[in-house]
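Breakdown of the fold
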Amino acid sequence: MFTIITGAQFGDEGKGKIVDMMASHYDIIARFQGGDNAGHTVVAEGKIYKLHLIPSGVLFDARLLIGPGTVMNPGILMEELAMLSENGVGVPPSKLGIDAKTSIIMPYHIALDRLRESKRTVKIGTTSRGIGYAYIDKVGRDEIQMADIADKNRFLKRLDEIAPQKEAAIKELGGDPMIARSEIDDYINIGVKLRPYITDVSREINLALKQGKKVLAEGAQGTHLDIIHGTQKFVTSSSTVAGSACASLGVGPTKVSNVIGVIKAYITRVGEGPLPTEQKNDTGEHLRDKGGEFGTTTGRPRRCGWFDVPLALKSTNLNGYTSMALTKLDVLTGLDTLKLCLGYELEGKRLDYPPEHSDEIARCKPVYVELPGWHEDISDTESFSALPENARLYVEMLEKLIGVGIEYVSIGPGRKQTFMK
Ligand code: IMP
């Protein structure tokens, strides 16, 4: 069984929690794209774990894999391993595998990301983690891979070839060219430590599937941050949609059993870019405060708005969802009236699907339907039928409008605060 989970909005939909909930049923959990720009919060037994690179199922017995389509900052990985170890969670090589071809984020990627962003007149609002520049090097065939830092001579040879052009690029952007060759010893030391973790992720997953095992591919960021199909240029630098799991992990599409979309009961976005239903008012404040909508990676306040159906419809097309997990329904508690964006008005025309260009999306005026809210505390509800009538109505309406079944409903951050619909 091969399941893919992706975020159906702009990231931060609560994928970490859903993966954590499903993890005990899977033998392997694999990250297929992105890097430490992602932030997954898992709350277990009163402890909060904030993870950026290690797949969310770390608290279970599953084998964890970091695929070759990811970009990895090895220092951040070491910090996460240390944090987990301090909390009594050991992650030996028998538990975690990192593909030999995983791209390594170097200090010059981070420097270039920051310098370039500071020079942009129209900012993207990147996480400053060097993600875009690491992917540029992958596509430009100048990447340094996991296997390279584990082999000192190969790493130094590779760096000799790459560093001069990085020095020039950093200098041109007004930065310190010394960064191009900084932290080399740290990388070599970490490379030695990570050597036992190196694996061939595609081979492992295909073998596991042949043996009848269950594999879960965990997406990072969200559908509308996809490098090809998202709201360019306000996107991340990897493909975040479900098909990317196959290409990046090296698993054929005929192996996919199901695709689960994680979607919030409202919408958020961090960084720049169009968000038609954004609420810069008391409603936005309510969603941000009650939903704890601050970036896991950067701490930035997230922009919050009403649920956007056209964007959700586009997500179902881009991912081919077989079911959805609806998260943070509890955050809507206390709002007298709820609004659902059914479509947009753009230059006198009514649209029921997002236009292609970000400029056009930014000019879209949402067309809302209003639904009655609820005031009862739903955070310890154990079944769909136990929800207040207006909450049930809201969920059923979403399901009907999106056209995909909502399999799970999450009503709080805790492990027990999820039920099957
Ligand atoms: P980058 O991925 O750091 O290059 O940032 C590009 C855009 O994606 C920015 O708007 C970020 O805020 C956004 N982004 C990147 N990772 C995440 C995430 O995990 N959740 C939400 N937004 C993200």
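Residues numbered from 1 in each chain as written. Predicted model: local features only at pLDDT ≥ 70, side-chain atom pairs only at ≥ 80, totals over all residues. Heavy atoms only, no water.

**Description of the sheet that holds strand β9 (residues 198-199)**
We count it as follows: Strand pairing is defined by DSSP finding a minimum of two bridges between the two strands. Going along the chain from the N terminus, every DSSP run of H or I of four or more residues is numbered as a helix, and every run of E of two or more is numbered as a strand. The criterion used for residue contact is that any of the two residues' heavy atoms lie within 4.5 Å. Between N-to-C directions, angles span 0 to 180 degrees; the directions come from axes that are lines fitted to C-alpha atoms, helices contributing only their stretch in contact.
A sheet is described by the order of its strands in space; here ten strands give the open sequence β9-β7-β5-β2-β10-β1-β11-β15-β19-β20, paired in mixed fashion. Looking at which strands have only one partner, the edges of the open sheet turn out to be β9 and β20 (418-420). Note that strand β2 (residues 28-31) and strand β5 (residues 63-66) share four bridges and pair parallel. Looking at β5, one finds that I28 is bridged to R63. Most of the contacts of helix α1 (residues 15-22) go to strand β1 (residues 2-7), to which it runs at about 160 degrees, and overall it touches β1, β2, β10 (215-218), β11 (258-264), β15 (323-327), β19 (406-410) and β20.

**Quick look at the packing of helix α2 (residues 74-86) against helix α7 (residues 184-194)**
Definition in use: Angular relationships are summarised with four words: roughly parallel below 35 degrees, roughly antiparallel beyond 145, roughly perpendicular across 65 to 115, and oblique for the angles in between. Handedness of a crossing follows from how the near helix is turned relative to the far one, being left-handed for an anticlockwise turn of less than a right angle and right-handed for a clockwise one. Residue type decides the class: Asp, Glu, Lys and Arg count as charged, Ala, Val, Leu, Ile, Met, Phe, Trp, Tyr, Cys and Pro as nonpolar, and the leftover types, Gly among them, as polar.
At a minimum axis separation of 10 Å, α2 and α7 run at an interaxial angle of 55 degrees. On the basis of their axis angle, the class for α2 and α7 is oblique. Here α2 and α7 pass one another in a crossing that is left-handed. Residues P74, G75, L77, M78 and L81 of α2 lie in contact with α7, whose contacting residues are Y187, I190, K193 and L194. Looking at side-chain class alone, the contact of α2 with α7 contains seven nonpolar, one polar and one charged residues.

**Notes on helix α10 (residues 282-291)**
Spelled out, the test is: For every residue, the accessible area (1.4 Å probe, protein chains only) is compared with the maximum for its type, and the residue is labelled buried under 20%, exposed over 50%, or partly exposed between those bounds. Polar contact is defined as a pair of N or O atoms within 3.5 Å, subject to the rule that within protein one atom must be able to donate a hydrogen and the other to accept it, and that residues adjacent in sequence are counted only when both atoms are side-chain atoms.
If you check which residues of α10 are buried, you get T283, G284, H286, L287, R288 and G291. Elements that come into contact with the buried residues of α10 comprise β13 (303-305). Capping of α10 at its N-terminal end is provided by N281; its side-chain oxygen lies 3.0 Å from the backbone amide nitrogen of T283.

**Comments concerning the site of the ligand**
The test is simple: In these notes, residues near a molecule or strand are those with any non-hydrogen atom within 4 Å of it. In short, Shrake-Rupley with a 1.4 Å probe defines the accessible areas, and a residue's cover is counted only from the protein chains shown.
Taken together, the neighbourhood of the ligand is formed by 15 residues, with N37, T127, T236, V270 and R300 sitting nearest. In the environment of the ligand, an oxygen atom lies 3.3 Å from a nitrogen or oxygen atom belonging to the backbone of G125. Here the ligand, which alone exposes 470 Å², has 96% of that area covered by the protein. Here the shell around the ligand is built from residues that sort into six nonpolar, seven polar and two charged.

**Some details on the layout of surface pockets**
Here is the rule: A pocket here means an open set of points on a 1 Å grid, computed over the protein atoms alone, that has protein on both sides within 12 Å along at least five of seven lines. A cavity is instead a set of points where a 1.4 Å probe fits but cannot get out; residues with an atom within 4 Å of a point line either one. Grid points are joined across faces, edges and corners, and a volume is the space filled by probe spheres set on the points. Where each domain starts and ends comes from a domain assignment, either automatic or drawn from a database.
Quantified by volume, the second largest pocket comes out at close to 220 Å³. In this structure, the second largest pocket is lined by F32, Q33, P68, G69, Y135, K138, V139, S238, S239, S244, A247 and S248. Of all the secondary structure elements, the ones that give two or more residues to the lining of the second largest pocket are α4 (131-139) and α9 (242-249). Viewed by domain, the lining of the second largest pocket spans two of them, domain 1 (2-101 + 197-259) and domain 2 (103-193), each represented by three or more residues.

**Digging into unusual backbone geometry**
Backbone torsion omega between Q232 and K233 reads 5 degrees, so that peptide bond is classified as cis. Positioned with a positive phi, R141 is a non-glycine residue whose angle comes to about 60 degrees.

**Regarding empty space enclosed by the protein**
Across all of its chains, the model carries one cavity of 30 Å³ or more by this definition. Of the volumes computed, that of the largest cavity is approximately 50 Å³. In this structure, the largest cavity is lined by H224, H229, G230, T231, L311, K314, P354, P355, E356 and I361. Along the lines of polarity and charge, the residues of the lining of the largest cavity split into four nonpolar, four polar and two charged. Formed jointly, the lining of the largest cavity draws a minimum of three residues from each of two domains, domain 1 (2-101 + 197-259) and domain 3 (262-420).

**Concerning the domain arrangement of the chain**
The line we're drawing: Buried area is a sum: the accessible area each of two parts loses on coming together, probed at 1.4 Å, counted once for each and added.
When its domains are assigned, the chain resolves into domain 1 (2-101 + 197-259), domain 2 (103-193) and domain 3 (262-420). Relative to domain 3, the C-alpha centre of domain 1 lies at a distance of 24 Å. Listed per partner, the contact involves 41 residues of domain 1 and 38 residues of domain 3. Summed over both sides, the interface between domain 1 and domain 3 buries roughly 3100 Å², with carbon and sulfur atoms accounting for 55% of that surface. Sorting the residues of domain 1 by area buried against domain 3 places Q9, F10 and K17 first, and these three jointly supply 21% of that buried surface.

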